[in-house]
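These are the residues of each chain, in order.
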Amino acid sequence: MNSIGKQVLNALKNEISELDYTRYIKQLQFNEEESKSNLAIFSAPNALIANWIRTKFADKIAHLFEVNTNIKPTVLINVLSSTITPSVTTAPTIPAERAITSLLNPSYTFQNFVVGGSNNFAYIAAKNVSEKPGVVYNPLFIYGGVGLGKTHLMQAVGNVMLSQGKTVIYTSVEQFLNDFSRHLSNRTMDRFKDKYRKCDLLLIDDIQFLSGKNQIQEEFFHTFEALRNENKQIIITSDKKPKQIGGLEERLKSRFEWGLVADIQPPELETKIEIIKKKCEINRVKLDREVINYVATIIENNTREIEGILSKLNAYSQLMGVDITIEFARNVLKEQMAEKRSNITIDLIMETVAKELNVKTSEIRSKSRNSNIVYARRIAIYLSRSLTPNSMPQLAQYFGMKDHTAVSHTMKKIQELMKNDEDFKIKVEELSNKVSMDTSE
Ligand code: ADP
Ligand code: MG
């Protein structure tokens, strides 16, 4: 009989292009021996393929497991006999609970983290915490946009402490919740408590997902209290400040501010360039300065794209046996950039904005002066102008406005609001991310 891993890869075949399948997925081997219901381990022939699969397909793979088994596992893509990226391995002798606790990405270290003006504060805070865990800032709360290095930094502390033989738990809200439910239904809550309340370092990634989940907030509160009373270190990341997380108990919000709240801003061009150089070094990809600068200009703010781009460039150049020149890079990435842009349409923006702000798309396009609708309309116009190639006259026509000056006026208005009102800025950025995420499927 086919193993579940093979079934999942077969199912994936129907969902992706043939080229992606033969070039990447076909090269994967399912590690049946070491996989568990909540941990699916695959091996790829090299680090680039592994990285590419991690960025592009890991979520899909996890989802397909969930469809088949009702459990969404963590998907690990290891590298077969590689010295490039040390991969996370789980020795069969380690019991499952402990193995999960050490699922840190070994390349997420302080050494591999590029420090610039945008992340300097968070970096120093994390560094201090790694030197004096449980003492200096507890909890350390790191917040910022997608792909800015929050997970990397928190795991860097984890890797330091792991190397000192400390017990480190890295988890997401979802995993914490699943673990909780499982122990609850198995009547093994004491084991759950033992696990989370007796570690030396608890890393909770993307805490904003606690929003609205009351039962788990309660449990997390007690975990937090227990750890803090014992001077065990807690590090939390989020896409926004504690105060701005909706649907979160006040007592949690206030505790999140007890230690230190550090933000990470989008990197300046210089920092982006350094990050790309670092990723090239780690993945052993050779790019010359011109190509690095070019890549830096196309990645916008999400550094997560870098590894995908490097694997793509490298894979193509190996396949075609040519060097990565600037022309070559432009050609390879042209398609990707066009794809990214052309996937976003005004209609999609309208749908997302309408859904998120609770108005109808027809209302956005109407002449209504109702303040909620005006608000939604302005944001829709702003996003359409920033995320699609439509000109101002085209937008004026779409939104039924007099002429392009009305659009330009709206753009200025929104830019001004974003400058003066941080909550508003976050809201707009969130919507912008949502739109982009809706197209990245
Ligand atoms: P976040 O958790 O904020 O969404 P991640 O920590 O997952 O972001 O970072 C996304 C990718 O970008 C990772 O591969 C990470 O190593 C890399 N990265 C982000 N910032 C830096 C940095 N300052 N130096 C080196 N790599 C970085
Ligand atoms: Mg993250």
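Predicted model only: the values in this text are computed from it and were never measured.

Quick look at the pattern of salt bridges
Then comes step 1: Using the criterion set out here, one finds 15 salt bridges in the structure.
Then comes step 2: The shortest N-O distance in the salt bridge between Glu131 and Lys127 comes to 3.7 Å. Of this pair, Glu131 and Lys127 both sit in helix α6 (residues 120–131), separated by four residues, roughly a single helical turn.
Then comes step 3: In this structure, Lys279 engages Glu307 in a salt bridge whose closest nitrogen and oxygen atoms are separated by 3.4 Å. Taken together, the positions of Lys279 in helix α12 (residues 269–283) and Glu307 in helix α14 (residues 305–320) put the pair 28 residues apart, joining distant regions of the chain.
Then comes step 4: Salt bridges linked by common partners bring Asp179, Arg182 and Lys195 together as one network.

So, the confidence of the model for the protein chain
Then comes step 1: For the protein chain, per-residue confidence averages 86 on the pLDDT scale, and residues scoring 70 or more make up 91% of the total.
Then comes step 2: The lowest-confidence element of the protein chain is helix α5 (residues 96–101), averaging 41 in pLDDT; the highest-confidence one is strand β7 (residues 233–238), averaging 98.
Then comes step 3: Long-range and interchain partners of residues 82–102, a stretch whose pLDDT sits below 50, account for 38 contacts in this model, where long-range means more than four residues apart.

Topic: the sheet that holds strand β1 (residues 29–30)
Then comes step 1: Strand order in this open sheet of three strands is β1-β2-β3, and the pairing throughout is mixed. In the strand order of this sheet, the two ends are held by β1 and β3 (74–79), each with one partner.
Then comes step 2: With two bridges joining them, β1 and strand β2 (residues 39–44) adopt antiparallel strand pairing. Its bridge partner being in β2, Phe30 is matched across the sheet by Phe42.

Thoughts on the sheet that holds strand β8 (residues 260–264)
Then comes step 1: Read across the open sheet, the five strands follow the order β5-β6-β7-β4-β8; overall the sheet is parallel. Each edge of the open sheet carries a strand with a single partner, namely β5 (168–172) and β8. This sheet shows a mean twist of 15° between the axes of neighbouring strands, independent of strand direction.
Then comes step 2: Pairing geometry for strand β4 (residues 140–144) and β8, over five bridges, is parallel. The residue bridging Leu140 from the neighbouring strand is Leu260, located in β8.
Then comes step 3: Where α6 meets the sheet, it contacts β4, β7 and β8, and its direction lies at approximately 135° from that of β8.

Some points on the site of ligand 1
Then comes step 1: Around ligand 1, the surrounding shell holds 18 residues, and the nearest of these are Gly147, Thr151, His152, Lys279 and Arg304.
Then comes step 2: Note that a nitrogen atom of ligand 1 is positioned 3.3 Å from one of the side-chain N or O atoms of Asn119.
Then comes step 3: Considering ligand 1 on its own, with 550 Å² of exposed area, one finds that the protein chains cover 96% of that surface.
Then comes step 4: Only α7 (150–163) and α12 provide two or more residues apiece to the shell around ligand 1.
Then comes step 5: A per-element tally of the shell around ligand 1 places α7 first, with three residues.
Then comes step 6: Class assignment for the residues of the shell around ligand 1 results in six nonpolar, eight polar and four charged.
Then comes step 7: The residues that make up the shell around ligand 1 include at least three from each of domain 2 (84–266) and domain 3 (269–340).

Analysis parameters
Residues numbered from 1 in each chain as written. Chains lettered and ligands numbered in written order. Predicted model: local features only at pLDDT ≥ 70, side-chain atom pairs only at ≥ 80, totals over all residues. Heavy atoms only, no water. Salt bridge = Lys/Arg side-chain N within 4 Å of Asp/Glu carboxyl O. Helix = DSSP H or I, 4+ residues; strand = E, 2+ residues; numbered from the N terminus. pLDDT = per-residue confidence, 0-100. Contact = heavy atoms within 4.5 Å. Pairing = 2+ DSSP bridges. Axes fitted to C-alpha atoms, helices over the stretch in contact; angles between N-to-C directions. Near = heavy atom within 4 Å. Polar contact = N/O pair within 3.5 Å; in protein donor to acceptor, adjacent residues only side chain to side chain. Areas by Shrake-Rupley, 256 points an atom, 1.4 Å probe, with all protein chains shown as cover. Nonpolar A, V, L, I, M, F, W, Y, C, P; charged D, E, K, R; others polar. Domains from an automatic or database assignment.

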